[in-house]
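# Geometric and topological summary
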Amino acid sequence: MNDAPKNPGPKNPGLKNPGPKNPGPMKPGPTNQAPNNQAPTSPAPNGGSQAPLAQRQILDAVAFDPKRFFLRWEWLLVVLLLAVNLINSNLSPNYLVWSNIMDAIRIYADKMILIFPMMMIILIGDIDISVASTMALSGVLMGVSHAAGLPMPLAMVLALLVGAICGTINGLILAKYQELAAMIVTLSTMIIYRGVASVILEDRAAGAFPDWFSHIGWGSLFGLPVILVFFFLETAVFIWVIHYTAYGRSLYALGNNAEAARYSGIDSKRVKVSLFAIMGVFASIAAIFLASKMGSVRPSMAKGYELDVIAMVVLGGVSTSGGQGRVIGVFIAAFIIGFLRYGLGLINVPSPTILVLIGCLLIVAASIPNLKNLLARRAKAVPQPSPSTKVTTSQADG
Amino acid sequence: MDAPVLEMMNVTKTFPGVKALDNVQFRLDHGQIHAIMGENGAGKSTFIKIITGVHAADSGQMLLNGQVVHFKNPNDAQKASIAAIYQHSTSYPHLSVAENIFIGHEQVSKFTGMIDWKAMYRRAEKLLAELDSHLNPRRPVGSLTVAERQIVEVAKAISTDSQIVIMDEPTASLSSRECEKLYQISEKLRDKGTSIIFISHRFEDMYRLADKVTVFRDGKYIGTWEVAAISEPDLIKAMVGREIERVYPQKSNQIGQELLRVEGLSKLGFFKKVNFSLRKGEILGFSGLVGSGRTDLMQCLAGVARADQGQVFLEGRKVSPKSCRQALKEGIGLLPEDRQGQGLILEWEIYKNVTLSELKKYQNKTVLNEKKERATAKKLGQRVSLKAPTVMDKVSSLSGGNQQKVVFCKLLNSELKVLILDEPTKGVDVGAKSQIYEIINDLAAQGYGVIFVSSDMPELLGVSDRIMAMHEGVITGEFLASEVTQEKLLLAIMNLG
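Residues numbered from 1 in each chain as written. Chains lettered and ligands numbered in written order. Predicted model: local features only at pLDDT ≥ 70, side-chain atom pairs only at ≥ 80, totals over all residues. Heavy atoms only, no water.

## Here's the deal with the overall build of chain B
Tallying secondary structure elements over chain B gives 17 helices and 22 strands in all. Its C-alpha atoms give chain B a radius of gyration of 25 Å, within 12% of the compact-globule value 23 Å for 497 residues. Overall, the C-alpha framework of chain B stretches about 75 × 55 × 45 Å when taken along its three principal axes. Among the 497 residues that make up chain B, the fraction classed as buried is 56%. For chain B, contacts bridging at least 24 residues in sequence account for 67% of all contacts bridging at least 6. When the accessible surface of chain B is totalled, it reaches about 21200 Å², and 49% of it is carbon and sulfur. Distance between charge centres in chain B, computed from 63 positive and 59 negative side chains, equals 7 Å. (Helix = DSSP H or I, 4+ residues; strand = E, 2+ residues; numbered from the N terminus. Rg over C-alpha atoms; globule rule 2.2 N^0.38 Å. Buried < 20%, exposed > 50% of the residue type's maximum accessible area, 1.4 Å probe, protein only. Contact = heavy atoms within 4.5 Å. Areas by Shrake-Rupley, 256 points an atom, 1.4 Å probe, with all protein chains shown as cover. Lys, Arg positive; Asp, Glu negative; His and termini not counted. Charge placed at Lys NZ, Arg CZ, Asp CG, Glu CD.)

## Focus on the overall build of chain A
Secondary structure summary: chain A contains 16 helices and two strands in total. When contacts within chain A are restricted to residue pairs at least 6 apart in sequence, those whose partners lie at least 24 apart make up 80%. Just so you have it, chain A exposes about 18300 Å², and 68% of that area is on carbon and sulfur atoms.

## Topic: the pairing of strand E22 (residues 474-480) of chain B
Two faces make up the sheet, and in a regular strand the side chains alternate between them. Residue and element names in this part refer to chain B. For strand E21 (residues 466-471) and E22, the ladder comprises six bridges, and the chain directions are antiparallel. Note on E22: the bridge partner recorded for isoleucine 467 is phenylalanine 479. In sequence, E21 turns back onto E22 through a hairpin of two residues, with glutamate 472 there showing a positive phi of about 45 degrees. (Pairing = 2+ DSSP bridges.)

## Section: empty space enclosed by the protein
Counted by the stated rule, this structure contains five cavities of 30 Å³ or more. Within this model, the largest cavity holds a volume of roughly 150 Å³. Lining the largest cavity are 17 residues, and of these A:Tyr263, A:Ser264, B:Leu328, B:Leu334 and B:Leu411 sit closest to its centre. At the level of secondary structure, the elements contributing two or more residues to the lining of the largest cavity comprise helix H10 (324-330), strand E16 (332-335), helix H11 (339-343) and helix H14 (400-413) of chain B. Class assignment of the residues belonging to the lining of the largest cavity gives a composition of eleven nonpolar, five polar and one charged. (1 Å grid on protein atoms, 1.4 Å probe; cavity = no way out; pocket = protein on both sides within 12 Å on 5 of 7 lines; lining within 4 Å. Points joined across faces, edges and corners; volume = space filled by probe spheres on them. Nonpolar A, V, L, I, M, F, W, Y, C, P; charged D, E, K, R; others polar.)

## Some points on the packing of aromatic side chains
Counted by the stated rule, this structure contains 16 aromatic pairs over all chains. Each ring, one from A:Trp212 and one from A:Phe213, has its centre 6.2 Å from the other, and the planes form 85 degrees; the classification is edge-to-face. Its relative accessible area of 1% is what places A:Phe213 among the buried residues. An aromatic cluster is built from A:Phe116, A:Phe231, A:Phe232, A:Phe238, A:Phe282, A:Phe331, A:Phe335 and A:Phe339, whose rings are joined through pairwise contacts. Geometry around A:Tyr305 places A:Lys111 over its ring, the cationic atom sitting 5.0 Å from the centre. In this arrangement the basic side chain of B:Lys352 is found over the ring face of B:Trp348, its NZ or CZ atom lying 5.6 Å from the centre. (Phe/Tyr/Trp six-rings, centres within 6.5 Å; stacked < 30°, edge-to-face > 60°. Lys NZ or Arg CZ within 6 Å of the ring centre and 35° of its normal.)

## Describing the nonpolar core
If you look at the biggest cluster of nonpolar residues, it comprises 111 residues, and the most contacted ones within it are A:Ile115, A:Phe116, A:Met119, A:Met135, A:Met142, A:Phe213 and A:Phe335. A:Phe335 has contacts with A:Leu81, A:Ile105, A:Met112, A:Leu228, A:Phe231 and A:Phe232, leaving out every residue within four places of it along the chain. By size, the runner-up hydrophobic cluster in this structure holds 100 residues, among which are B:Val97, B:Val240, B:Leu412 and B:Ile440. (Core = buried A, V, L, I, M, F, W, Y, C linked by side-chain atoms within 4.5 Å.)

## Description of the sheet that holds strand E15 (residues 317-319) of chain B
All names here are of chain B. The antiparallel open sheet is built from four strands, whose spatial order is E12-E11-E14-E15. Edge positions in the sheet fall to strand E12 (271-279) and E15, since each has one partner strand and no second. Strand-to-strand, the axes of this sheet are offset by a mean angle of 20 degrees, without reference to chain direction. Pairing between strand E11 (residues 258-267) and E12: six bridges, direction antiparallel. Following the sheet pairing, glutamate 258 is matched in E12 by arginine 279. Sitting on the sheet, helix H9 (residues 294-301) touches E11, E12 and strand E14 (309-314), and the angle it makes with E12 is about 65 degrees. (Axes fitted to C-alpha atoms, helices over the stretch in contact; angles between N-to-C directions.)

## A few points about the pairing of E21(B)
Residues and elements named next belong to chain B. In terms of burial, E21 is a largely internal element, six of the six residues being buried. Because side chains alternate across E21, one face comprises the buried residues Arg466, Met468 and Met470, and the other comprises Ile467, Ala469 and His471, equally buried. Pairing analysis gives five bridges linking strand E13 (residues 283-288) to E21, with the strands arranged parallel. Within E21, the position partnered with phenylalanine 286 by the bridge is methionine 468.

## A word on the domain arrangement of chain B
Under the domain assignment used here, chain B contains domain 1 (6-240) and domain 2 (258-493). Placing a centre on the C-alpha atoms of domain 1 of chain B and another on those of domain 2 of chain B gives a separation of 35 Å. (Domains from an automatic or database assignment.)

## Quick look at the pattern of salt bridges
This model, assessed by the stated rule, comprises 23 salt bridges over all chains. In this structure, B:Glu180 and B:Arg208 form a salt bridge, with 2.7 Å as the shortest nitrogen-oxygen distance. Taken together, the positions of B:Glu180 in helix H6 (residues 176-191) and B:Arg208 in helix H7 (residues 203-209) put the pair 28 residues apart, joining distant regions of the chain. On the basis of relative accessible area, B:Glu180 is assigned to the partly exposed category, the value being 29%. Judged by its relative accessible area of 31%, B:Arg208 is partly exposed. Note that B:Arg294 and B:Glu423 form a salt bridge whose closest N and O atoms lie 3.4 Å from each other. In this pair, B:Arg294 sits in helix H9 while B:Glu423 sits in the loop between strand E19 (418-422) and helix H15 (430-445), placing the two residues 129 residues apart along the sequence. What makes B:Arg294 buried here is its relative accessible area of 5%. Here the salt bridges do not stand alone but share partners, grouping A:Arg249, B:Glu370, B:Glu373 and B:Arg374 into one network. (Salt bridge = Lys/Arg side-chain N within 4 Å of Asp/Glu carboxyl O.)

## Details of the packing of helix H5 (residues 131-147) of chain A against helix H6 (residues 152-176) of chain A
All names here are of chain A. Relative to each other, H5 and H6 sit at 150 degrees, their axes nearing to 8 Å. On the basis of their axis angle, the class for H5 and H6 is roughly antiparallel. Handedness of the crossing formed by H5 with H6: right-handed. On the side of H5, the interface is formed by Thr134, Leu137, Ser138, Leu141, Met142, Ser145 and His146, while H6 contributes Met152, Ala155, Met156, Leu158, Ala159, Val162, Gly163 and Cys166. (Parallel < 35°, antiparallel > 145°, perpendicular 65-115°, else oblique. Left-handed = near helix turned anticlockwise from the far one by under 90°.)

## What about helix H4 (residues 115-123) of chain A?
Because each turn of an α-helix spans 3.6 residues, side chains separated by three or four positions in sequence point in the same direction. Most of H4(A) sits out of view: nine of its nine residues are buried. Of the positions making up H4(A), those classed as buried are A:Ile115, A:Phe116, A:Pro117, A:Met118, A:Met119, A:Met120, A:Ile121, A:Ile122 and A:Leu123.

## Some details on the confidence of the model for chain B
With 95% of its residues at a pLDDT of 70 or more, chain B has an overall mean of 84. With pTM at 0.73, the complex prediction returns an ipTM value of 0.72. (pLDDT = per-residue confidence, 0-100.)

## Concerning unusual backbone geometry
Residues and elements named next belong to chain B. The phi dihedral of asparagine 65 falls on the positive side, at around 50 degrees, and the residue is not glycine. Here asparagine 65 is to be found in the loop between strand E4 (59-64) and strand E5 (67-68). Non-glycine residue lysine 273 carries a positive phi angle of around 45 degrees.

This is the structure we're talking about:
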């Protein structure tokens, strides 16, 4: 986990040092007790005298450690984001034009809406590749029901309902049949959901939405596209859910060690169903935005979205084996890929070429944690831990 | 007589925190069946793994036909014609009998470089016929009975003309008729000059089959005897041995009224009609060999698995937890046998592990109060004298004993009445063991009912108030710890008493 201990802040000055009264028990022999890759509080002299057990002190707060903080994955993403922008603005004079950027975001942001629910699913080690199909089905049903006379607000509610049902079906199948891989189950429903959409609408389009509906996709709020404002609000909500609630913590537990989580009383089935249901709801929200921008819906809408969404999540530092990653990383990664697409599009790079570039970026990003682990293992193989090897170990943590 | 087939001299192997083998000797002659006996954790499996190249010894020598050898991996051992048949068969259920026999050394046609299926099936049939078996080599192994699979494993071992065949508890899941067949096969192999190392808990296996027997205890070599020259009581004494110096706490627990009552609990294939009761403040030991169903019983009580039949009463009220969550809510907590796989999230900080099973308690409306989590972890950690610099340290950086203390903190964080401790001292060094005994004793003194499962008899006798013996899923004895000896207990768990 990347969670470095939070800075206790300047209000707790006493915590940095264990208190000068009993320095003895505080030094548990820095070298032999534990491979202390993080003992930032002990600038201790090597007087490794064994302290009596009963008096042992354990700290419950730790000073801010800049080394750990700045070695986080997210900083690399920030650098990458800046690099992308720097290169792009050199390549094209129109790049740093506010209205151009906002237009690009307007086009791109419906994918961004999907990244946090997808992140939660990947956190527990699963994946959902049926999102784009869920978008198509809920969008098509919204269009068809509106065309059949259902008032638009109700049609939108119907879309949300359809999304929730699609997601819940995924979740229920996975909860019921634990041995099935999420990849296979959602691959099947990916075909089914879009298939149903095609059965309903064949290759026609449904549209004729009321005028106000187009404002959802094209309108602005506080000078920003509505969809971007929604994305910011969504980010805030998911930071809260993923990093500050018991529910979020249980996702990390399931992703790290599902067996231990079960023994700790976490109900993985309930979590799974809820995650996929949330994913479905957000897929239908994205479908509403997309339909509003396009002015119509068709069964082929949003094709290939799942790949971009998963790419953003993985680039953001969420391990596909589960249990690792932070919202902020995914947030930045979404903008990296977004700006990359926008910039390359401006200088008329064909979109298949852009896809190739994004693929390369993803492979590089995915291999960096492995490189770090390799370095850490090398460092451990060195018999006597020297200060320099300690740095490498904490790099691996960061 | 020339050099022995295999000779092990002064072999030592240490795992983090435990000395698994300490200066062990062993000598295996041509055409000999040599039994190795010892309690759980005596070091038999480690010893076998060194012979088969799975582990490397820290020090000591291994001589094969008088030549010093060093195995770096299992392939080296295979090349040296050493084959092993493991307790849990390592077969591939979806592949055919022939494929399983020849896995890794398939019969390949010289001309095409492709697998010569006809020749392979023919040879498989021949090998099986040598073992008086008429299994169809085309059948998938998954469709065979356990005994038939065992025969396939033997065929696999002899397909490479092994000079040494190691059998690790081969009879554990066989009926007596199937055992007899395995005995005959083993004798046939011996008569052809193959040497066999035979590991078993069953005395009948050893007396029926082995020429010599070597006993290990606590990772140490105790002795080697001619089977005909040693009696069963003497052998048991050798296996149990003198008590090694270990400190058990002065008992301070007060036994109160009945807390937990189990009536006729059964789970097909695991345990049958189990009855027992646990009182408040009591430490109830559970003794049994591997495969006795102890762990499965405990998992059913803690909601991990579900029993088929029977009832459990907690403070007179019927409970039937369907999940760990419900069991915890009722007040039954389990310290699982596999600390690293089931008890902890190793890559997590200590405090997050401690609070994981009771996260709701740390929610301030909806937001987790990490400060409170850390303060609790600190408080509980000090209560069990956890040795760690901070509660933000990762559990993976702690020693085995301290990791176990984190699991104890986790249990203490819940409001429990019954604590089920499954092998709490497994993989923990001696010093930390005494501390864990002290923790257990303290908990009982505070009024918890404690179920203490252990394979280590001295500690079971030293810590428990009362001990249940289990053998193949059935309770075969109930003793007061103050009145029972290790010998008596061993007889009960082997169902010889």
